[in-house]
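# Coordinate inspection notes
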Amino acid sequence: MVFVPKTIGILGGGQLGRMAAMAAFRLGMRVCAYTDEEDSPISQIVPFTFVGRYDDKKKLQSFAESVDAITYEFENIPVETIRYLQKFKPVYPDDRVLEIAQHRVSEKKFLNDIGIPTTRWAVITRAGDITRAMEDMDFKAAILKTSRFGYDGKGQVSIGRGEDPKAAWKSLNTTEAILEEKVAFTSEVSVIIARDKLSQTAIYGPILNEHKNHILAKSTVPAPLPAHLAEKARNMTLLLAEAIDLIGVLCLELFVTGEGQLLANEIAPRPHNSGHWTIEACTTSQFEQQVRTVVGMQIGGPNRHSDAVMINLIGDDVDRLAKYYEQANATVHLYGKLEAREGRKMGHITMTTPLSAQPVMLDETISEKVVLN
Ligand code: AMP
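Here is what the cut-offs are and how they apply
Residues numbered from 1 in each chain as written. Predicted model: local features only at pLDDT ≥ 70, side-chain atom pairs only at ≥ 80, totals over all residues. Heavy atoms only, no water. Helix = DSSP H or I, 4+ residues; strand = E, 2+ residues; numbered from the N terminus. Rg over C-alpha atoms; globule rule 2.2 N^0.38 Å. Buried < 20%, exposed > 50% of the residue type's maximum accessible area, 1.4 Å probe, protein only. Contact = heavy atoms within 4.5 Å. Areas by Shrake-Rupley, 256 points an atom, 1.4 Å probe, with all protein chains shown as cover. Pairing = 2+ DSSP bridges. Axes fitted to C-alpha atoms, helices over the stretch in contact; angles between N-to-C directions. Core = buried A, V, L, I, M, F, W, Y, C linked by side-chain atoms within 4.5 Å. Parallel < 35°, antiparallel > 145°, perpendicular 65-115°, else oblique. Left-handed = near helix turned anticlockwise from the far one by under 90°. Right-handed = clockwise from strand over helix to strand, strands pointing away. Domains from an automatic or database assignment. Buried area = accessible area lost by both parts, 1.4 Å probe. Salt bridge = Lys/Arg side-chain N within 4 Å of Asp/Glu carboxyl O. Polar contact = N/O pair within 3.5 Å; in protein donor to acceptor, adjacent residues only side chain to side chain. Near = heavy atom within 4 Å. Nonpolar A, V, L, I, M, F, W, Y, C, P; charged D, E, K, R; others polar.

This part is about the overall build of the protein chain. Per the secondary structure count, the protein chain includes 11 helices and 17 strands. Compactness check: the protein chain gives a C-alpha radius of gyration of 21 Å against a globular reference of 21 Å for 373 residues, within 12% of the reference. If you line up the protein chain on its principal axes, its C-alpha atoms span 70 × 55 × 45 Å. By the burial criterion, 55% of the 373 residues in the protein chain qualify as buried. Across the protein chain, the fraction of contacts at a sequence separation of at least 24, relative to all contacts at a separation of at least 6, is 62%. Here the protein chain has roughly 16,800 Å² of accessible surface; of this, 52% comes from carbon and sulfur atoms.

Written out as structure tokens, the structure is:
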């Protein structure tokens, strides 16, 4: 029998795509990228990249025809692009998942409809809606966020009770936003799940996430949560993956409140920055799960064999790397970006502490189903 390697198509040119490509290469796959940027982190390492707009149908069709299955590495790709590509090849997670995750209102509504609690929220289409919602819902403090295209704290602004909302509304420069009650959280955590076409799942986390200037700075696993809360966070993520019929990888970000409540904040329908440690600390990384599930392979065991801390290298943090090159338990990742602009993710460091000589499965789980292929 001749082994024919699969070719995976990755939409988006950033570091998440680059790390997925690296995982694909190790499994003998081929990778073709599609991005609207020249000299992107992914194009530096894959043999061929289509550089074009996300509405260039001719180019998108050529891309789809060169691959077996397609995924994406950021969620701000137009849903129409995914629907168009689906005419030619499977795309995972599919257009339904992307459509929900891309829009903060549909995301919160979906979560609430399946019984996953979030902070209280209201849809805003003009400044007057803000004052009314603050009063009707008795919000003392809130955060106004654009419905689409927000990331790393961009497209959001805090509002206090009694403040004139006009400036906040104007600053977002949008026609639709969501007003969320500000959560007095004690910590932020995330859970990452991979699910294959046979509905087998692998779960990583919860992971403790610490932010600086709204950008993820540090992730720690295991998160220091009571066992019942950790279990609840994993169950919520599993419920979400099943309800949305996920094929691929997604991350659920959650707030932990002082009263021990878990409130979902956001769904990322792809590997997540808070899961980079899975490369060094697990048998199968989040990126390998993504490429496996997208080309139709079964998921791998997530077995975490080390505790881990991941720190992001943001902006000029990259100038202070020397100590990590010498640290025995530190692995340095750089994304090939030439210019260290403020707030730009340039790389990350993962530090691991092995758990034992035996393979262990602590909080991560893989569902037990017999797989034939
Ligand atoms: P997001 O873009 O929704 O992930 O928000 C970025 C960060 O802003 C989160 O990681 C939180 O630190 C903070 N944040 C977002 N929404 C809320 C909220 N409703 N209450 C309190 N903090 C929030």
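This part is about the sheet that holds strand E8 (residues 177–181). The strands making up a sheet associate through hydrogen bonds between their backbones, and the pairing can be parallel or antiparallel. One open sheet holds the four strands; their spatial order is E5-E8-E6-E7, and the pairing between them is antiparallel. Both edges of this open sheet fall to strand E5 (121–124) and strand E7 (156–160), since each of them pairs with a single strand only. Sheet twist, expressed as the average angle between the axes of neighbouring strands with direction ignored, equals 25°. Bridge count between strand E6 (residues 141–146) and E8: five bridges; the pairing is antiparallel. Paired with Ile143 across the strands is Glu180, a residue of E8.

Bringing the nonpolar core into the picture now. Counting residues in each nonpolar core, the largest one holds 27 residues, and the members touching the most others are Leu240, Ile244, Leu252 and Leu254. Taken together, the elements giving at least two residues each to this core come down to helix H4 (95–102), helix H5 (104–113), strand E9 (185–195), strand E10 (201–212), helix H8 (227–243), strand E12 (248–257) and strand E13 (262–268). With residues up to four places along the chain from it excluded, the contact list for Ile244 reads Arg96, Val97, Ile100, Phe110 and Leu250. In this structure, Ala20, Met29, Val46 and Val291 belong to the second largest nonpolar core, which totals 19 residues.

With parallel pairing, four strands are arranged side by side in an open sheet as E3-E2-E1-E4. Both outer strands of the open sheet, strand E3 (48–51) and strand E4 (69–72), are each paired with one neighbouring strand and no more. Adjacent strand axes in the sheet meet at a mean angle of 25°, parallel and antiparallel pairs treated alike. Judged from the four bridges that link them, strand E1 (residues 7–11) and E4 form a sheet pairing that is parallel.

In this model, Gly205 is joined to Pro206 through a cis peptide bond whose omega is 10°. Mapped onto the elements of the fold, Pro206 is located in strand E10. Backbone torsion omega between Val221 and Pro222 reads 5°, so that peptide bond is classified as cis. Residue His214 is not a glycine yet carries a positive backbone phi of 70°. Here His214 lies in the loop between E10 and strand E11 (215–221).

Packed helix pairs are specified by the crossing angle of their axes together with the interaxial distance, meaning the distance between the axes. At a closest axis distance of 10 Å, the pairing of helix H2 (residues 57–65) and helix H3 (residues 79–86) adopts a crossing angle of 50°. Comparing the axis directions of H2 and H3 gives the class oblique. In this structure, the crossing between H2 and H3 has a hand that is right-handed. On the side of H2, the interface is formed by Lys57, Leu60, Gln61, Phe63 and Ala64, while H3 contributes Thr81, Tyr84 and Leu85.

Let us look at the pairing of strand E2 (residues 30–35). The element E2 is largely enclosed, with a buried count of five among its six residues. Note: E1 against E2, five bridges, orientation parallel. Bridge assignment links Ile8 to a residue of E2, and that residue is Val31. Read from E1 through helix H1 (residues 15–26) to E2, the crossover connection turns out right-handed.

Taken as a whole, the protein chain is organised into domain 1 (7–91), domain 2 (120–181) and domain 3 (185–366). Here domain 2 packs against domain 3, burying approximately 350 Å² in sum over the two surfaces, 33% of which is carbon and sulfur. Taken together, the links from domain 2 to domain 3 amount to zero salt bridges. Where domain 2 touches domain 3, the interface holds one residue pair in polar contact (both at pLDDT 80 or more).

With that out of the way, let us pick up the site of the ligand. Around the ligand sit 17 residues, and of these Lys145, Glu180, Val183, Glu188 and Glu266 come closest. One nitrogen or oxygen atom from the side chain of Gln156 is found 3.0 Å from an oxygen atom belonging to the ligand. Considered on its own, the ligand offers 480 Å² of accessible surface; in the complex 93% of this is hidden by protein. Secondary structure elements with two or more residues in the shell around the ligand: E6, E8, E9, E12 and E13. Its residues placed into classes, the shell around the ligand shows four nonpolar, five polar and eight charged. The residue makeup of the shell around the ligand includes at least three contributed by each of domain 2 (120–181) and domain 3 (185–366).

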